[in-house]
Amino acid sequence: MLYLYDETHLLIADEWFIDHVRNARPSALKCRTARANSYKKLITKDTKKILVFSEQGELGIIRELRATYPDILITSGTYGFAVTGRDRYPRLKEFKPAAGSKEAAPVVILSTPYADAEFVAEVMLENGFPFAVEYLGRPYATWLKLHKGFQISRFYNTVENHFAAKGQLYYLAQTDVLESLFENSSFSLERFIAYLQKSGAKVILVERSSVMVQATMGQLLHQTAERSIWTKKPSKKVHIKADGPDFLKSWDQRETILRGVSILDKVEEASVDTMRVTLEEFADHQARHMKDIASFLSVDMSEEIVELAYASKFDMAPDIYPMAAQFQRELIDRLGLHVDCPA
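Cut-off values and rules
Residues numbered from 1 in each chain as written. Predicted model: local features only at pLDDT ≥ 70, side-chain atom pairs only at ≥ 80, totals over all residues. Heavy atoms only, no water. Helix = DSSP H or I, 4+ residues; strand = E, 2+ residues; numbered from the N terminus. Contact = heavy atoms within 4.5 Å. Areas by Shrake-Rupley, 256 points an atom, 1.4 Å probe, with all protein chains shown as cover. Core = buried A, V, L, I, M, F, W, Y, C linked by side-chain atoms within 4.5 Å. Buried < 20%, exposed > 50% of the residue type's maximum accessible area, 1.4 Å probe, protein only. Patch = residues over 30% accessible without salt bridge, like charges linked within 9 Å, V, L, I, M, F, W, Y side chains within 5 Å. Salt bridge = Lys/Arg side-chain N within 4 Å of Asp/Glu carboxyl O. Pairing = 2+ DSSP bridges. Axes fitted to C-alpha atoms, helices over the stretch in contact; angles between N-to-C directions. Parallel < 35°, antiparallel > 145°, perpendicular 65-115°, else oblique. Nonpolar A, V, L, I, M, F, W, Y, C, P; charged D, E, K, R; others polar. 1 Å grid on protein atoms, 1.4 Å probe; cavity = no way out; pocket = protein on both sides within 12 Å on 5 of 7 lines; lining within 4 Å. Points joined across faces, edges and corners; volume = space filled by probe spheres on them. Left-handed = near helix turned anticlockwise from the far one by under 90°.

Novice: It is not clear to me how the overall build of the chain should be interpreted in this structure. Could you clarify?
Specialist: Counting secondary structure elements, the chain contains 13 helices and eight strands. Looking at the chain alone, contacts between residues at least 24 apart form 74% of all its contacts between residues at least 6 apart. If you sum the accessible surface of the chain, you get close to 16,800 Å²; carbon and sulfur atoms cover 51% of it.

Novice: Looking at this structure, how should I read the nonpolar core?
Specialist: Soluble globular proteins: nonpolar side chains tend toward being buried together. Counting residues in hydrophobic clusters, the biggest one holds 66 residues, and the most contacted among them are L110 and F155. Non-local contacts of L110, meaning those with residues more than four positions away in its chain, are made with A173, T175, L178, F192, V203, I204, L205, V206, L264 and V267. With 35 residues, the next largest nonpolar core counts V107, L172, V213 and I305 among its residues.

Novice: Looking at this structure, how should I read a nonpolar patch on the surface?
Specialist: Residues M1, L4 and Y89 make up a contiguous nonpolar surface patch of about 310 Å² in total accessible area. Structurally, Y89 is set in the loop between helix 3 (77-81) and strand 5 (105-111). Residue classification places Y89 among the partly exposed positions, given a relative accessible area of 39%.

Novice: Explanation requested: the pairing of strand 5 in the structure shown.
Specialist: Side chains on a regular strand alternate between the two faces of the sheet. Of all seven residues in strand 5, six are buried, a share of seventy percent or more. Two strands pair when backbone bridges link them, and strand 5 and strand 7 (residues 202-207) are joined in this way by five bridges, in the parallel orientation. Within strand 7, the position partnered with I109 by the bridge is I204.

Novice: What exactly am I supposed to notice about the sheet that holds strand 1 (residues 9-13) here?
Specialist: The pairing of strands in a sheet happens through backbone hydrogen bonds and is either parallel or antiparallel. Spatially, four strands are ordered 2-1-3-4 in an open sheet, and the strand pairing comes out parallel. The sheet terminates laterally at strand 2 (32-34) and strand 4 (73-76), the two strands that pair on one side only. Looking at each pair of strands side by side, their axes are set apart by 20° on average, direction ignored. For strand 1 and strand 3 (residues 49-53), the ladder comprises five bridges, and the chain directions are parallel. Counted as the bridge partner of H9 is K49 from strand 3. Strands strand 1, strand 2 and strand 3 of the sheet are contacted by helix 1 (residues 15-24), whose axis makes an angle of about 130° with strand 1.

Novice: Explain the pattern of salt bridges to me, please; I cannot follow it from the model alone.
Specialist: Between side chains of opposite charge, pairing is possible as soon as their charged atoms come close. With the rule as written, the count across this model stands at 16 salt bridges. Taken together, the salt bridges that share partners define one network made up of E207, D265, E268 and R276.

Novice: How should I be thinking about the packing of helix 4 (residues 117-126) against helix 12 (residues 286-297) in this particular structure?
Specialist: Interaxial distance between helix 4 and helix 12 falls to 11 Å at its minimum, and their mutual angle equals 80°. If you check the angle between helix 4 and helix 12, you find them roughly perpendicular. Contact residues: F119, V123 and M124 in helix 4; Q286, M290, I293 and L297 in helix 12. The residue inventory of the contact of helix 4 with helix 12, partitioned by class, reads six nonpolar, one polar and no charged.

Novice: How should empty space enclosed by the protein be read in this particular structure?
Specialist: Under the criterion given, the structure shown has one cavity of 30 Å³ or more. If you add up the space inside the largest cavity, you get close to 40 Å³. Around the largest cavity, the lining residues are L2, Y5, H9, L10, L11, C31, K49, I50, L51 and L92. For the lining of the largest cavity, the per-class residue count stands at eight nonpolar, one polar and one charged.

Novice: Where do I start with the packing of helix 8 (residues 189-199) against helix 10 (residues 247-269) in this structure?
Specialist: Relative placement of two packed helices is described by the angle separating their axes and the distance separating the axes. Across the interface, helix 8 lies against helix 10 with an axial gap of 10 Å and an inter-helix angle of 45°. Taken together, the axes of helix 8 and helix 10 lie oblique to each other. By crossing handedness, the relation of helix 8 to helix 10 is classed as right-handed. Mapping the contact onto sequence places L189, F192, I193 and L196 in helix 8 and I263, K266 and V267 in helix 10.

Structure, rendered in structure tokens:
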């Protein structure tokens, strides 16, 4: 979206970020750019919008800009621009001081990475539930390693005020991003569990029974902009390198998934209202699971339950399951393990 902005827009960011954006599409970036220590001279009477995306001091820069230029629309990259809805398009929204919490009762789909929890969210949407968006998306797992002083309460407050409806907020969270949040901010698993308890959250825990398939899908999809085949728009195909999975990267994904399962276990063991769903079981028995979810969330649902064909989306990435089988054969050959095979 940065490539749609013109000379009236100013991007204030770290030099490496500006270089990355400029080099990705050299002739397409038309907005002006500045580093955090040299932006003042680039603000003119023609400047209409400013986006600040900085590893350090982002909020301080924004506060100074708002005080000096009250008529310019100023956006935080971390707490505004990157907080997108279902369409995933970032927008230049005016940065405002944190508003009071709406105290929306959260419904959380908490998933291990690449378990296709997005399919569960899609089936729920088809049956009249709000769509659970992954607001703290995969890019944050990397950004949080760089951005100093991230405030999850400010981030959540932004999400709640923009997207909560009728006293409820549905969202998807994945354990790999949560791990990065725990490691790179003052937030912790214990504080996350305390938030779920205090807010009265309903938590649907999603995992796959076939961890090897999940690990290979994760390794392959990590090369793309997608979290799941089910996040891809119908008109597009998922472009994955055809030379097969990387064994070591798939093994790393497996370890990440198993750590995620441990997070699910700890949430389930705490005093949090949870139900657990296995993706394969859900895909095969959608009507039964949707009735269980409706009962769990105390929601009235139509007797005519809409089901979706889980495998239909794999037409856009037909090599994923064969590559998963290839990885499993290599795992057996290398380690002599007995592992499950993809369905």
